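# Understanding the architecture of this molecule
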Amino acid sequence: MTDNLLLSVRSLSRRFGRKGPVAVDDLSFDIDTGEILALIGPSGCGKTTTLRMIAGFETPDTGRVLLSGRDLTSTPAEQRGIGMVFQDYALFPHMTVGENIRFGARRNGRDVVARYLGMVGLDGFEQRYPDQLSGGQQQRVALARSFAAEPRLILLDEPFSNLDAALRSAARREIRRLLKSAGIAIVFVTHDQEEALSFADRIAIMRDGRILQSGMAQEVYDRPADAFVATFLGRTNLLEGTAEGGFARTSLGLLPLTRPTSGRVSISLRPERLGIRAVEADEQPNGRIVAVEFKGHDMTYWVDCDGVEVQVDAMQSVRLAEGTPVRVAVDGEAVPLDVVSL
Ligand SMILES: Nc1ncnc2c1ncn2[C@@H]1O[C@H](COP(=O)(O)OP(=O)(O)OP(=O)(O)O)[C@@H](O)[C@H]1O
């Protein structure tokens, strides 16, 4: 066990009903003190069931949950010392917002409530009752209450789902800063890949109750292991090619690879890692623009490259019309996927 290790999830499994599918399948991961981990994956892949087993609301069929080396498997939820904000928020309806936050707050003092309310953008809401709040405001009070208790670990289920886009991004930044300064670790579940990438230190992509890939957010985005992970985390071009050493022959020409491999490969190329320009007088194009999508701050070009349609993101200042013969080039190296999926 490293000094920093906080939570260990060891071979957790849970099946609902004797013939039902396995909701969580032999799942293991660790979290360090103060680390933020996102569990992300399609609906029904077992994210919430995993959180509920860590919290103690669901009993695993097999496996263990350890907090700072202590086995919690048979400890009731309320004695685990783990904070949580689930979808129902569980605010006390007969208490004001201020009383909700003060309840269980680790430190006393007049500024505790104001501090945490300010953090979630609810200054001045102290005297309101939960039923006088919108869904998004209740969600923020529930977050403030869990932070005020200053546990070492908080579990969050879709923590920003009820906030509109502008508020969501501000709340994410503020709360991340708070968690980092307080050294509170988070495991959170989200459907939103942008939220996972921006709020978490580390992400784990789940499918069918298992983790397909986990790692630092940028690492997983840039080097997805397979086509499912690549497409789940954002738009990408999946190309087929034949590799030899550090290069692969594809419909875009010969591409350098992030690692040497040989034989048939599938390759993931993010649209923002491709460059596009009109061909010069005597130059051979490697594609032709078939559609242009204007998105405000940037553009997406759809380019036919030797019979394969490729998406390329470009700055708005690059203005190319449909039908233009172009050169599409890779900025950096292409990522060969572990599984040939095409
Ligand atoms: N109490 C239950 N009884 C029976 N099946 C359940 C129960 N809870 C979850 N499941 C099943 O277990 C699987 C995993 O569910 P879970 O809620 O953990 O998924 P999820 O990834 O959180 O999904 P979502 O993103 O839709 O919330 C699903 O197939 C679900 O139908």
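Residues numbered from 1 in each chain as written. Predicted model: local features only at pLDDT ≥ 70, side-chain atom pairs only at ≥ 80, totals over all residues.

The cut-off we apply is this: UniProt positions are given in the numbering used here, feature names are shortened, and annotations may be inferred rather than shown by experiment.
In the annotation of an unreviewed UniProt entry, the protein is listed under the name ABC transporter ATP-binding protein and assigned to Neoaquamicrobium sediminum. The record held by UniProt for the protein lists under Sequence similarities (unreviewed entry) the comment "Belongs to the ABC transporter superfamily."

### So, the overall build of the protein
This is how it is decided: A run of H or I in DSSP becomes a helix once it reaches four residues, and a run of E becomes a strand once it reaches two; helices and strands are each numbered from the N terminus. Exposure in this text rests on C-beta crowding, where 20 or more other C-beta atoms within 10 Å of a residue's own make it buried, 12 or fewer make it exposed, and counts in between make it partly exposed. The C-beta atoms are placed from the backbone. C-beta atoms are first placed from the backbone for all residues, and any pair lying within 7 Å is then listed as a contact.
In terms of regular secondary structure, the protein is built from eight helices and 20 strands. Principal axes of the C-alpha set define a box for the protein whose edges measure 75 × 45 × 40 Å. A burial count over the protein gives 35% of its 342 residues as buried. Considering only contacts within the protein whose residues lie at least 6 apart along the sequence, 65% involve residues at least 24 apart.

### Focus: the site of the ligand
We count it as follows: Residues are counted as near a molecule or strand when the C-beta atom, derived from backbone positions, lies within 6 Å of that molecule or strand. We call Asp, Glu, Lys and Arg charged. Ala, Val, Leu, Ile, Met, Phe, Trp, Tyr, Cys and Pro are nonpolar, and the rest, Gly among them, are polar.
Every residue near the ligand is listed here: F16, P21, A23, G41, S43, G44, C45, G46, K47, T48, T49 and H191. It is helix α1 (residues 47-55) that contributes the most residues to the shell around the ligand, three residues altogether. The residue inventory of the shell around the ligand, partitioned by class, reads four nonpolar, seven polar and one charged.

### Observations regarding α1
In terms of residue burial, α1 counts as a mostly covered element, since nine of its nine residues are buried. Once α1 finishes, G56 follows within two positions and takes phi at roughly 100°, a positive value.

### A word on unusual backbone geometry
At D26, a position not held by glycine, the phi torsion is positive, near 55°. Examined against the element boundaries, D26 turns out to sit in strand β2 (residues 22-32). For D26, a count of 14 C-beta atoms within 10 Å gives the class partly exposed.

### Section: the sheet that holds strand β16 (residues 287-294)
Heads up, the rule is: Should DSSP find at least two bridges between two strands, the strands are taken to pair. Axes here mean lines fitted to C-alpha atoms, for a helix over just the part in contact, with angles spanning 0 to 180 degrees between N-to-C directions.
Here we have five strands laid out as an open sheet, ordered β15-β19-β16-β17-β18, and antiparallel in their pairing. One side of each edge strand has no neighbouring strand; the edge strands of this open sheet are β15 (274-278) and β18 (308-315). The sheet shows a mean angle of 40° between the axes of neighbouring strands, taken without regard to direction. As paired elements, strand β17 (residues 298-305) and β18 share eight bridges and run antiparallel to each other. Within the sheet, the bridge partner assigned to D298 lies in β18 and is M315.

### Structural notes on the environment of P130
Following the sequence through the fold, P130 ends up in the loop between α3 (111-119) and α4 (135-148). Looking at P130, the number of C-beta atoms within 10 Å reads 19, which means it is partly exposed. Sequence-wise, P130 and V187 are 57 residues apart; in three dimensions their C-alpha atoms are separated by 25 Å. Non-local contacts of P130, meaning those with residues more than four positions away in its chain, are made with L91, P93 and Q138.

### Here we look at the packing of α3 against α4
Filter applied, for reference: Convention used here: angles under 35 degrees read as roughly parallel, angles over 145 as roughly antiparallel, angles from 65 to 115 as roughly perpendicular, and any remaining angle as oblique. Throughout, a crossing is termed right-handed when the near helix is turned clockwise from the far one, and left-handed when it is turned anticlockwise from it by less than a right angle.
Two elements in contact, α3 and α4, have axes separated by 9 Å at closest approach and are oriented at 130°. Compared by their axis directions, α3 and α4 come out oblique. Judged by the sense of rotation from one axis to the other, the crossing of α3 with α4 is right-handed. On α4, the residues touching V112, Y116, L117 and M119 of α3 are A144, F147 and A148.

### Notes on the pairing of strand β4 (residues 62-67)
Across five bridges, the pairing between strand β1 (residues 5-15) and β4 is antiparallel. Bridging from a neighbouring strand, L7 pairs with L67 of β4. Pairing geometry for β4 and strand β5 (residues 70-71), over two bridges, is antiparallel. For L67, the partnering residue across the bridge sits in β5 and is R70. Hairpin connection between β4 and β5: a loop of two residues separates the two successive antiparallel strands, and S68 in this loop has a positive phi of roughly 50°.

### Some words on the confidence of the model for the protein
To keep it simple, the criterion reads: What pLDDT conveys is the predictor's confidence in a given residue, as a value from 0 to 100.
When pLDDT is averaged across the protein, the result is 90; 98% of the residues are at 70 or more. In the model of the protein, α3 stands out as the element of lowest mean pLDDT, 85, in contrast to strand β3 (residues 36-40), which has the highest, 97. Here the complex is predicted with pTM 0.88, and the ipTM for its interfaces comes to 0.96.

### Observations regarding the sheet that holds β1
Taken in spatial order, the four strands make up an open sheet running β2-β1-β4-β5, and their pairing is antiparallel. Of all strands in the sheet, those with a lone pairing partner are β2 and β5, marking the two edges.

### Some words on the pairing of β16
Pairing of β16 with strand β19 (residues 325-330), which is carried by two bridges, proceeds in the antiparallel orientation. Paired with G287 across the bridge in β19 is V326. Sheet topology note: the β16/β17 ladder contains six bridges and is antiparallel. Within the sheet, the bridge partner assigned to R288 lies in β17 and is D304. As consecutive antiparallel partners, β16 and β17 are separated by three residues, and within that stretch G296 has a phi angle of approximately 95°, a positive value.

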